[in-house]
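Inside the fold
This is what each chain is made of:
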Amino acid sequence: MRNGGENGRVSLPWPDASATGVGSYPGTDAAEVAKIAFGELPLPHLPELPDRGPGADMIGRSAGLLVELPVHLQPSGWRFADRPGVDLRRAQDLMKWDLDLLEEQAPEGPVKIQVCGPWTLAASVELPSGARALRDAGAVRDLIDSLAEGVKNHVAEVRRRVPRAEVLLQVDEPGLPAVLAGRVPTASGFRTLRSVAAPVAEEGLRRVIEESGAFPIVHCCARDVPFGVLLGAGARALSFEIAAVPPRDDDVLGEAIESGIGFLFGVVPGVDARLPEPARSVQPVRDLWRRLGFPPGDITRQVVVTPACGMAGASSRYVRQALAHCRKAAVSLADTPE
């Protein structure tokens, strides 16, 4: 059954014909990028600028939210530490400065923030021995508990700073397909770690989602998106590249559309490229709706148009072009639903 709103319409926390960014942008000027993300997008979001250095990257940014699990930076990446140090303070300071910018923008209505999911984090952060945390089931449980509490605190801080905004939490899980398939390499790179069972992965992700108390979106930019796991974990919206949808997933996606799940469809390349007419970019969305037998009326309610993934590798000029293109493409879904 659908999540009903007025007159039976799908109820989702963004305006019709919305567009937004996935998360990351190029450059180091957070204030300038914030003006774009909050001033030019129907669904604003908190930008991420990994070019600012360690602690601004996806892994360090979310590792900085962990409670009582300090991390520090090693040549091989982020690693659990005995005590907080300069690397952790840098990550936390960068997040604080970004939240200061968010508070200055004072958005009303929906605003999206992003965090790294527990399985991508477990596949990336190292134990003190140098092995990936994913190798140790006990370490993974501790990480999930810590991340769930840290994300809850983070959402509460965002709500405190922008009390008139509705917080949407995007949980980024680009590494989850590799975790499920047993494709995560060991520290040496010569072997891979044992796969994680889908019910276990689902439960860990659910813990973070439920503890946050925010409207949950799960993003995965891999080619083999585990839709069943994401939905089973409680995702109320899914974010992925529309071109990554194989026909074998029609049944699960059809059920998701019917139940009122939202979709943040990536239709624009995340790196510099020639862009077609906006209506052409969202034609795959119409094709999917038609293929699954749904009328076009709820497309603009259920679908948010986005770039295919983060845009840290794009030029600043292209970022503006791509986001403007996403806005126009979203409107074209409403103007020409068929």
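Some points on the nonpolar core
In this structure, Leu-134, Phe-263 and Phe-265 are the most contacted members of the largest nonpolar core, which totals 99 residues. The dominant element in this core, judged by the number of residues it contributes, is helix 5 (residues 137-161), at 9 residues. Leaving out residues up to four positions away in the same chain, Phe-263 has contacts with Trp-14, Leu-238, Phe-240, Leu-253, Ala-256, Ile-257, Trp-289, Gln-302, Val-303 and Val-304. If you look at the next biggest cluster of nonpolar residues, it comprises 9 residues, including Leu-12, Ile-217, Leu-264 and Val-304.

Some words on empty space enclosed by the protein
Scanning the model with the defined rule gives 2 cavities of 30 Å³ or more in all. Roughly 40 Å³ of volume is contained in the largest cavity. Around the largest cavity sit Ala-30, Ala-34, Leu-46, Pro-47, Asp-98 and Leu-101, which together line it. Those elements that place two or more of their residues in the lining of the largest cavity are helix 1 (30-39) and helix 3 (86-105).

Some thoughts on the side chain of Arg-301
Here Arg-301 shows up in helix 12 (residues 299-302). Using a relative accessible area of 7% as the deciding quantity, one classes Arg-301 as buried. Polar contacts involving the side chain of Arg-301 include one to the side chain of Asp-16, which spans 2.4 Å.

Considering the pairing of strand 2 (residues 71-74)
As paired strands, strand 2 and strand 3 (residues 77-80) are joined by 4 bridges and run antiparallel to one another. By the bridge assignment, Leu-73 is partnered in strand 3 with Trp-78. The turn joining strand 2 and strand 3, which pair antiparallel and follow one another in sequence, is formed by 2 residues.

Topic: the environment of Glu-203
One can find Glu-203 in helix 7 (residues 198-212). Here the alpha-carbon distance between Glu-203 and Trp-289, two residues 86 residues apart in the chain, equals 30 Å.

Some words on the layout of surface pockets
Put simply, the largest pocket is a space of about 360 Å³. Counting only elements with at least two residues in the lining of the largest pocket, the list comes to helix 5 and helix 7. A per-element tally of the lining of the largest pocket places helix 5 first, with 4 residues. Here the lining of the largest pocket is built from residues that sort into 9 nonpolar, 2 polar and 5 charged.

With respect to the sheet that holds strand 6 (residues 215-219)
Judged by pairing direction, the sheet is parallel, and its 7 strands sit side by side in the order 1-9-8-7-6-5-4 without closing on themselves. Two strands bound the open sheet, and with one partner strand each, they are strand 1 (18-19) and strand 4 (109-116). The sheet contact formed by strand 7 (residues 237-241) and strand 8 (residues 262-268) spans 5 bridges and is parallel. Residue pairing for strand 8: Leu-238 is matched across the bridge by Phe-263. Sheet contacts for helix 11 (residues 283-291): strand 8 and strand 9 (303-307); angle to strand 8, the most-contacted strand, approximately 135°.

Concerning the packing of helix 1 against helix 3
To characterise two packed helices, one gives the angle between the axes of the helices and the distance between these axes. Running from amino to carboxyl end, helix 1 crosses helix 3 at an angle of 45°, the nearest separation of the two axes being 10 Å. With respect to their mutual orientation, helix 1 and helix 3 come out oblique. The two elements helix 1 and helix 3 cross, and the hand of that crossing is right-handed. Taken together, the residues of helix 3 that come into contact with helix 1 (itself represented by Ala-30, Ala-31, Ala-34, Lys-35 and Phe-38) are Asp-98, Leu-101, Leu-102 and Gln-105. Residue composition of the contact of helix 1 with helix 3, grouped by class: 6 nonpolar, 1 polar and 2 charged.

Cut-offs applied
- Residues numbered from 1 in each chain as written.
- Predicted model: local features only at pLDDT ≥ 70, side-chain atom pairs only at ≥ 80, totals over all residues.
- Heavy atoms only, no water.
- Core = buried A, V, L, I, M, F, W, Y, C linked by side-chain atoms within 4.5 Å.
- Buried < 20%, exposed > 50% of the residue type's maximum accessible area, 1.4 Å probe, protein only.
- Helix = DSSP H or I, 4+ residues; strand = E, 2+ residues; numbered from the N terminus.
- Contact = heavy atoms within 4.5 Å.
- 1 Å grid on protein atoms, 1.4 Å probe; cavity = no way out; pocket = protein on both sides within 12 Å on 5 of 7 lines; lining within 4 Å.
- Points joined across faces, edges and corners; volume = space filled by probe spheres on them.
- Polar contact = N/O pair within 3.5 Å; in protein donor to acceptor, adjacent residues only side chain to side chain.
- Pairing = 2+ DSSP bridges.
- Nonpolar A, V, L, I, M, F, W, Y, C, P; charged D, E, K, R; others polar.
- Axes fitted to C-alpha atoms, helices over the stretch in contact; angles between N-to-C directions.
- Parallel < 35°, antiparallel > 145°, perpendicular 65-115°, else oblique.
- Left-handed = near helix turned anticlockwise from the far one by under 90°.

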